[in-house]
Amino acid sequence: MKKRVAVLALQGDFAEHEDSLRKCGAETFQIRQKADLEQQFDALVIPGGESTVIGKLLRELDLFAPLQEKIRNGLPVLATCAGLILLADKIENDSKEHFRTLNVTVKRNAYGRQLGSFCTTGKFADMENVPMSFIRAPSIESAGTGVTVLSEFNGKATAVMQGKQVALAYHPELLEDCRIYQWFLDCIVSGK
Ligand code: GLN
């Protein structure tokens, strides 16, 4: 059965996420307003962008509380960059807090000016040479109980999972390599 993935489409690279998910055989649709939540879906993607802007829009559009409840109840989530910040329990350099469903502390814009944007490759879960594109990315400063590290860069976690939440500091949607999406759909959404 095709999995149906909701992609939060308030800001950021939601169209590219949809392309990658479709390449991996999933159906997608966009969440832009509360009525969109009436549709059935098996997973949620929270794209990158500006976490303050997405957080503000989520609240203004009354999407915040229903999505937080779904995530708390075990909805599979793939969150990238600003998405990671939105899930984090604590943001070290921001007074704001958002969903707080993921037991990590993050730091916004942590990869300094010169390294503001860069691409690297690394291991993700059991896959080698996975390309990772960082754009003013947050760092994961610490991870609490229940959190598994999926990838690292310079000794710091760059992707983690906790239950069915998967959060990446980088952007997999900008690259041709779709293995992270396939892994998410197979291992997390379908639980294979
Ligand atoms: N710098 C952004 C923030 O703090 C995240 C960047 C991104 O999503 N590419 O929200």
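Our subject is the structure listed above.
To keep things clear, this report deals only with the structure shown in the data block.

Scoring rules and cut-offs
- Residues numbered from 1 in each chain as written.
- Predicted model: local features only at pLDDT ≥ 70, side-chain atom pairs only at ≥ 80, totals over all residues.
- Heavy atoms only, no water.
- Helix = DSSP H or I, 4+ residues; strand = E, 2+ residues; numbered from the N terminus.
- Rg over C-alpha atoms; globule rule 2.2 N^0.38 Å.
- Buried < 20%, exposed > 50% of the residue type's maximum accessible area, 1.4 Å probe, protein only.
- Contact = heavy atoms within 4.5 Å.
- Areas by Shrake-Rupley, 256 points an atom, 1.4 Å probe, with all protein chains shown as cover.
- Near = heavy atom within 4 Å.
- Polar contact = N/O pair within 3.5 Å; in protein donor to acceptor, adjacent residues only side chain to side chain.
- Nonpolar A, V, L, I, M, F, W, Y, C, P; charged D, E, K, R; others polar.
- Phe/Tyr/Trp six-rings, centres within 6.5 Å; stacked < 30°, edge-to-face > 60°.
- Disulfide = S-S within 2.5 Å.

From N to C terminus, the protein chain includes five helices and 12 strands. In summary, the protein chain has a C-alpha radius of gyration of 15 Å against a globular reference of 16 Å for 192 residues, a match within 12%. Counting over 192 residues, the protein chain shows a buried share of 53%. Of the contacts formed within the protein chain by residues at least 6 apart in sequence, a portion of 62% connects residues at least 24 apart. For the protein chain, the accessible area works out to roughly 8,800 Å², and carbon and sulfur atoms hold 46% of it.

A few words now on helix α5 (residues 179-189). For α5, the complete set of buried residues consists of Ile180, Tyr181, Trp183, Phe184, Leu185, Ile188 and Val189. Within two residues after α5, Gly191 carries a phi angle of roughly 65°, on the positive side.

Below, the discussion takes up the site of the ligand. Neighbouring the ligand are Gly48, Gly49, Glu50, Ser51, Cys81, Ala82, Ile85, Arg108, Asn109, Ile135, Arg136 and His171. Measuring from an oxygen atom of the ligand, one finds a backbone N or O atom of Gly49 at 2.8 Å. Backbone polar atom of Ala82 to an oxygen atom of the ligand: 3.1 Å apart, as the coordinates give it. When the ligand sits alone it has 300 Å² of accessible area, and the protein chains cover 97% of it. Here the shell around the ligand is composed, by residue class, of four nonpolar, five polar and three charged.

Moving on to the side chain of Ser139. Relative to the elements of secondary structure, Ser139 occurs in strand β9 (residues 139-143). The exposure class assigned to Ser139 is buried, which follows from its relative accessible area of 1%. Reaching out from Ser139, the side chain makes a polar contact with the side chain of Glu141 at a distance of 2.6 Å. Ser139 has contacts with Thr105, Val106, Lys107, Ala110, Tyr111 and Lys156, leaving out every residue within four places of it along the chain.

What follows deals with the packing of aromatic side chains. Tallied over the entire structure, the rule returns 10 aromatic pairs. Geometrically, the ring pair formed by Phe118 and Phe134 is stacked, given 4.6 Å between the ring centres and 5° between the ring planes. Of this pair, Phe118 sits in strand β7 (residues 117-124) while Phe134 sits in strand β8 (residues 127-135), and the two are 16 residues apart along the sequence. You'll find Phe118 and Phe134 in the same group, each marked buried.

Counted according to the given criterion, the structure contains zero disulfides. Lacking any disulfide linkage, Cys119 is separated from the closest cysteine sulfur, that of Cys81, by 13 Å. Left without a disulfide partner, Cys187 is nearest to the cysteine sulfur of Cys24, which lies 12 Å away. Judged by its relative accessible area of 34%, Cys187 is partly exposed.

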